[in-house]
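Residue-level structure breakdown
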Amino acid sequence: MKQHDIQLDSEGKLRHFLTIEGLKKQMLLDILDYAENFSSVGNRQVKKVPLLRGKTIANLFFEPSTRTRTTFELAAKRLSADVLNININTSATTKGESLLDMLHNLEAMQVDMFVVRHNSSGAAHFIAQHVAPHVSVINAGDGSHAHPTQAMLDMFTIRRHKQDFTKLTVAIVGDIMHSRVARSQIHALNTLGVPEVRVIGPQTIIPNEAAHLGVHVYHDMQQGLQNVDVVIMLRLQRERMEGALLPSEHEYFHMFGLTEKKLKLAKPDAIVMHPGPINRGVEIESTVADGPQSVILEQVTHGISVRMAAMSMALGRSSLAEVQD
Ligand code: CP
């Protein structure tokens with residue numbers, strides 16, 4: 001069964017959030033619009049709404065994470081849910097317990113949602129196929145496949161700055177081949193009607209099927225950055241690379257690193273994005289990462305509201321009355 005077939009319930013509402021692929025434009029807009037309602041919660045004296053009071057959410061992170069894990073935790077707490085952060089390294093999986101046995105034991109504790117990061121593509125989908133009917137699963141990044149909430153927080157950030165997706169040229173630069181973020185972003189940008197999505201990078205880390213994803217491929221950064229509205233930089237995912245796909249980091253930075261000089265090729269009001277973690281001096285110059293066009297830390301902040309929206313929609317709680325101050 002395709003992932004998008006199981007992530008909606010019989011009424012077409014979000015039950016799991018596993019991938020952007022296959023979701024309709026209106027669903028993506030609903031997530032963005034709903035997230036807008038949560039964006040002021042972080043500025044309140046009491047940073048909480050009662051929407052998920054009584055719900056229990058378990059974070060299962062089998063891979064390292066700073067931004068995603070903490071913003072999911074904050075989002076759940078701001079929705080008044082109870083949160084379990086399962087430490088995989090000290091869990092009974094180290095004593096031979098299987099992933100499914102661990103999940104069923106957590107379900108026996110009345111967990112309502114699993115937020116899953118795993119280094120295997122398809123892991124969140126596998127878990128979604130095996131959970132109890134009342135349990136939802138959110139994919140917090142699976143292998144090189146998908147990172148749907150990251151893509152949605154990126155779309156939220158782009159819309160905040162550029163409003164109309166249908167007038168934009170967006171460039172994604174770097175390690176497209178190993179990037180779950182890039183795959184999810186491309187699906188989201190295409191679905192939201194962005195007319196030109198470019199991917200820029202060396203031939204060895206742009207997958208052959210890129211052109212079938214509805215993007216324009218550039219191997220020359222000077223050409224690819226011409227007149228773009230949004231530049232999204234990606235980290236080199238060394239942990240997923242097999243063999244020597246690249247020259248030295250120094251040479252990579254020279255050819256594909258974003259410098260102030262190269263950024264001048266984009267539109268003067270272009271924004272610079274990066275999902276993090278950033279590697280300064282490898283894919284991005286510090287003066288650009290910290291410069292006036294960078295919205296990298298804004299992306300992190302918006303991650304909380306977008307994850308609040310995704311979690312409450314998947315748990316069937318999207319009452320605006322409970323979000324008002
Ligand atoms: N963007 C992102 O997924 O960052 P983390 O790996 O820190 O969660």
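Residues numbered from 1 in each chain as written. Predicted model: local features only at pLDDT ≥ 70, side-chain atom pairs only at ≥ 80, totals over all residues. Heavy atoms only, no water.

Some remarks on the domain arrangement of the protein chain
- Here the protein chain is partitioned into domain 1 (3-146 + 301-323) and domain 2 (148-300).
- A straight line from the C-alpha centre of domain 1 to that of domain 2 covers 26 Å.
- On the side of domain 2, 30 residues touch domain 1, which itself brings 38 residues to the contact.
- Between domain 1 and domain 2, roughly 2,700 Å² of surface is buried when both sides are summed, and carbon and sulfur atoms account for 62% of that area.
- A per-residue breakdown of the area domain 1 buries against domain 2 is headed by Leu32, Arg67 and His302, which together make up 25% of the total.
- One can count three salt bridges joining domain 1 with domain 2.
- With a shortest N-O distance of 2.9 Å, Asp33 and Arg159 are connected by a salt bridge.
- Per-element tally for the side of domain 1 that touches domain 2: the top contributor is helix α2 (residues 25-38), with eight residues.
- Of the residues in the side of domain 1 that touches domain 2, the class split is 15 nonpolar, 13 polar and ten charged. (Domains from an automatic or database assignment. Contact = heavy atoms within 4.5 Å. Buried area = accessible area lost by both parts, 1.4 Å probe. Salt bridge = Lys/Arg side-chain N within 4 Å of Asp/Glu carboxyl O. Helix = DSSP H or I, 4+ residues; strand = E, 2+ residues; numbered from the N terminus. Nonpolar A, V, L, I, M, F, W, Y, C, P; charged D, E, K, R; others polar.)

Some points on the packing of α2 against helix α12 (residues 296-314)
- The contact between α2 and α12 brings their axes to 8 Å, and the two run at 115°. The chirality of how α2 crosses α12 is right-handed. Each of Met27, Asp30, Ile31, Tyr34, Ala35 and Phe38 in α2 lies in contact with α12, whose residues at this interface are Ser305, Val306, Met308, Ala309, Ser312 and Met313.
- In the contact of α2 with α12, the residues fall into nine nonpolar, two polar and one charged. (Axes fitted to C-alpha atoms, helices over the stretch in contact; angles between N-to-C directions. Left-handed = near helix turned anticlockwise from the far one by under 90°.)

With respect to the site of the ligand
- Around the ligand lies a shell formed by Ser65, Thr66, Arg67, Thr68, Arg117, His147, Gln150, Pro275 and Gly276.
- A distance of 3.0 Å separates an oxygen atom of the ligand from a polar atom in the side chain of His147.
- One of the side-chain N or O atoms of Gln150 is found 3.0 Å from a nitrogen atom in the ligand.
- Protein chains bury 91% of the 260 Å² of accessible surface belonging to the ligand in isolation.
- Placement of the ligand is best described as lying within the largest pocket.
- In terms of residue class, the shell around the ligand is made up of one nonpolar, six polar and two charged.
- Two domains each put at least three residues into the shell around the ligand: domain 1 (3-146 + 301-323) and domain 2 (148-300). (Near = heavy atom within 4 Å. Polar contact = N/O pair within 3.5 Å; in protein donor to acceptor, adjacent residues only side chain to side chain. Areas by Shrake-Rupley, 256 points an atom, 1.4 Å probe, with all protein chains shown as cover. 1 Å grid on protein atoms, 1.4 Å probe; cavity = no way out; pocket = protein on both sides within 12 Å on 5 of 7 lines; lining within 4 Å. Sits in = over half its atoms within 2 Å of the grid points.)

Things to note about the sheet that holds strand β9 (residues 271-273)
- Taken in spatial order, the five strands of this open sheet run β7-β6-β5-β8-β9, and their pairing is parallel. Looking at which strands have only one partner, the edges of the open sheet turn out to be β7 (216-218) and β9. Each neighbouring strand pair of the sheet contributes to a mean axis angle of 20°, computed without reference to strand direction.
- Against the sheet, helix α7 (residues 180-191) touches β5 (169-173), β6 (196-200) and β8 (230-233), its axis set at about 170° to β5. (Pairing = 2+ DSSP bridges.)

A look at helix α6 (residues 148-162)
- With 15 residues, α6 extends 21 Å between its outermost C-alpha atoms, agreeing within 8% with the 21 Å of an ideal straight helix rising 1.5 Å per residue.
- Taken across its 15 residues, α6 has 13 buried, putting it largely inside the fold. (Expected span 1.5 Å × (residues − 1). Buried < 20%, exposed > 50% of the residue type's maximum accessible area, 1.4 Å probe, protein only.)

Comments concerning empty space enclosed by the protein
- Taken as a whole, this structure holds one cavity of 30 Å³ or more when the rule is applied.
- Lining the largest cavity we find Arg67, Thr71, Gln150, Leu153, Pro275, Gln299, Val300 and Arg307.
- Going through the elements one at a time, α3 (67-78), α6 and α12 are the ones with two or more residues in the lining of the largest cavity.
- Of the residues forming the lining of the largest cavity, the biggest block, three residues, is contributed by α12.
- Each residue belonging to the lining of the largest cavity can be placed in one class, and the counts come to three nonpolar, three polar and two charged.
- Formed jointly, the lining of the largest cavity draws a minimum of three residues from each of two domains, domain 1 (3-146 + 301-323) and domain 2 (148-300). (Points joined across faces, edges and corners; volume = space filled by probe spheres on them.)

Structural notes on the pattern of salt bridges
- Applying the stated criterion across every chain yields a total of eleven salt bridges.
- Linking Glu36 and Arg160 is a salt bridge whose minimum nitrogen-to-oxygen distance equals 2.8 Å. With Glu36 in helix α2 and Arg160 in helix α6, this residue pair connects regions lying 124 residues apart in the sequence.
- Between Asp290 and Arg280 there is a salt bridge whose closest N-O contact spans 2.8 Å. In this pair, Asp290 is assigned in the loop between α11 (286-289) and α12 and Arg280 in the loop between β9 and α11, connecting sequence segments ten residues apart.
- Judged by its relative accessible area of 45%, Arg280 is partly exposed.
- Because the salt bridges share partners, they merge into one network encompassing Arg69, Glu73 and Lys77.

A word on unusual backbone geometry
- The omega torsion across Gly276 and Pro277 is -5°, close enough to zero to call that bond cis.
- Its location among the elements puts Pro277 in the loop between β9 and α11.
- Unlike most non-glycine residues, Ser80 shows phi in positive territory, near 70°.
- Ser80 gets classed as buried once you look at its relative accessible area, which sits at 19%.
- With phi around 60°, Gln163 is a residue other than glycine that occupies positive phi space.

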